[in-house]
Amino acid sequence: MAMTIDGKAISQRIKDELKEQAAALKKQGIKITLAVIQVGNDPASTVYVRNKKKGCEYIGIESLSYELPEETTQQELLSLIGELNRKEDVSGILVQLPLPAHIDEDKVIRAIDPKKDVDGFHPQSVGALCIGQPGFVSCTPAGIIQLLKRSSIEIAGKECVVLGRSNIVGKPMAVLMLRENATVTIAHSRTRDLKEVTKRADILIAAVGKPKMITADYVKEGAVVIDVGINRDENGKLCGDVDFESVEPLCSAITPVPGGVGPMTIAMLLNNCLESVRMD
Ligand code: NDP
């Protein structure tokens, strides 16, 4: 039977470590403040924002809330970001995505001061990651590295297949695995003989956004399987990209959904908030 990697427990340990570090910084007179901007009221975004603010509160980070109406113009949003960039007492800025269709997400991401880019989406952060320089790392991939390390799963020298090549998960994930000395393959919707490719993986990371797509015939016996997907199945129940029931019996370790990768994303955001004052 596979080891189920408990992301909830691991993220709680990280949050407790961060809480101590935040308290130590406070003693030195260093305050951490995260500005959280939400445009419109997409219900999923509202839940994510609420959880991020709750996380801040838990570890002792002040969060400033900017809840802007759906019809906010791009210029108004860019002006607010400019204002927050200039505020010395704001250490991190987070703009909850997705934004309404009339706002250019790339422009907004680029407007955030890279020193306050706690989501790690700014091209400067992404570039720094690629060439191994200090900078913010995208939270979900950073969380997966922590899950692997804290579960004592060796990465160096292993065959890793990352399924998905998005800017926020697949690509930074592949770079991080490379940094940890894995041999990395990135697969996507145009990959030929996908099952043959994924079956090479000692560590398979699925970030496709297709409910239960990864069944047993995609997985090598004894592989470690990390499921990034957050989807709804045909009954509306939360599920991942991996068909847990068929994959779990043949792999050596697996993350569940919920309770696997998801909780790590917020823990790593909080870690980046602490980094934002350390980077100064
Ligand atoms: P995107 O839709 O941006 O990317 C999906 C990727 O999967 C693309 O690269 C796409 O290929 C590839 N893909 C799609 N269908 C197939 C297929 N049939 N075969 C092979 N590859 C395929 O998604 P994200 O990266 O943003 O998110 C992926 C999943 O992770 C989603 O379920 C999302 O909700 C979840 N997620 C979870 C987070 C967490 O905290 N746990 C955080 C972020 C995302 P191509 O590029 O060729 O189109």
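The shown structure was predicted, so the numbers you read here are calculated from the model rather than taken from an experiment.

## Details of the packing of helix H1 (residues 7-27) against helix H10 (residues 262-278)
Running from N to C, H1 and H10 cross one another at 20°; their axes reach a closest spacing of 9 Å. It follows from the interaxial angle that H1 and H10 lie roughly parallel. Handedness of the H1/H10 crossing: left-handed. Together, Gly-7, Lys-8, Ile-10, Ser-11, Ile-14, Lys-15, Leu-18, Gln-21, Ala-22 and Leu-25 of H1 and Pro-263, Met-264, Ala-267, Met-268, Leu-270, Asn-271, Leu-274, Val-277 and Arg-278 of H10 make up the contact between the two elements. When grouped by side-chain class, the residues that make up the contact of H1 with H10 number twelve nonpolar, four polar and three charged.

## Some remarks on the pattern of salt bridges
As enumerated under the stated definition, the model contains eight salt bridges in all. Residues Glu-62 and Lys-31 are paired through a salt bridge, measuring 3.0 Å at the closest nitrogen-oxygen approach. Of this pair, Glu-62 sits in strand S3 (residues 62-68) while Lys-31 is found in the loop between H1 and strand S2 (33-39), placing the two residues 31 residues apart along the sequence. When its relative accessible area of 55% is taken as the criterion, Lys-31 is described as exposed.

Parameters and conventions
- In this numbering scheme, every chain counts its residues from 1 along its sequence in written order.
- Reporting of local features is limited, given that this is a predicted model, to residues whose pLDDT is at least 70; pairs of side-chain atoms are given and counted only at 80 or more, and all residues count toward the totals for whole chains, interfaces and linings.
- Side-chain measures here rest on the full set of heavy atoms in the structure, leaving out hydrogens and waters.
- Every axis corresponds to a line fitted to the C-alpha atoms, with the helix fit spanning only the stretch in contact, and the corresponding angles, defined between N-to-C directions, vary from 0 to 180 degrees.
- A run of H or I in DSSP counts as a helix once it spans at least four residues, and a run of E counts as a strand once it spans at least two, with each numbered from the N terminus.
- By definition in this entry, angles of less than 35 degrees are roughly parallel, angles greater than 145 are roughly antiparallel, angles of 65 to 115 are roughly perpendicular, and the rest are oblique.
- Handedness of a helix crossing follows the sense of rotation of the near helix relative to the far helix, less than a right angle counterclockwise being left-handed and clockwise being right-handed.
- We call two residues in contact when some of their heavy atoms are within 4.5 Å.
- Each residue gets one label: Ala, Val, Leu, Ile, Met, Phe, Trp, Tyr, Cys and Pro are nonpolar, Asp, Glu, Lys and Arg are charged, and the others, such as Gly, are polar.
- Whenever a carboxyl oxygen of Asp or Glu lies within 4 Å of a side-chain nitrogen of Lys or Arg, that contact is scored as a salt bridge.
- Each residue gets one of three labels from its accessible area relative to the maximum for its type: buried under 20%, exposed over 50%, partly exposed in between, using a 1.4 Å probe on protein chains only.

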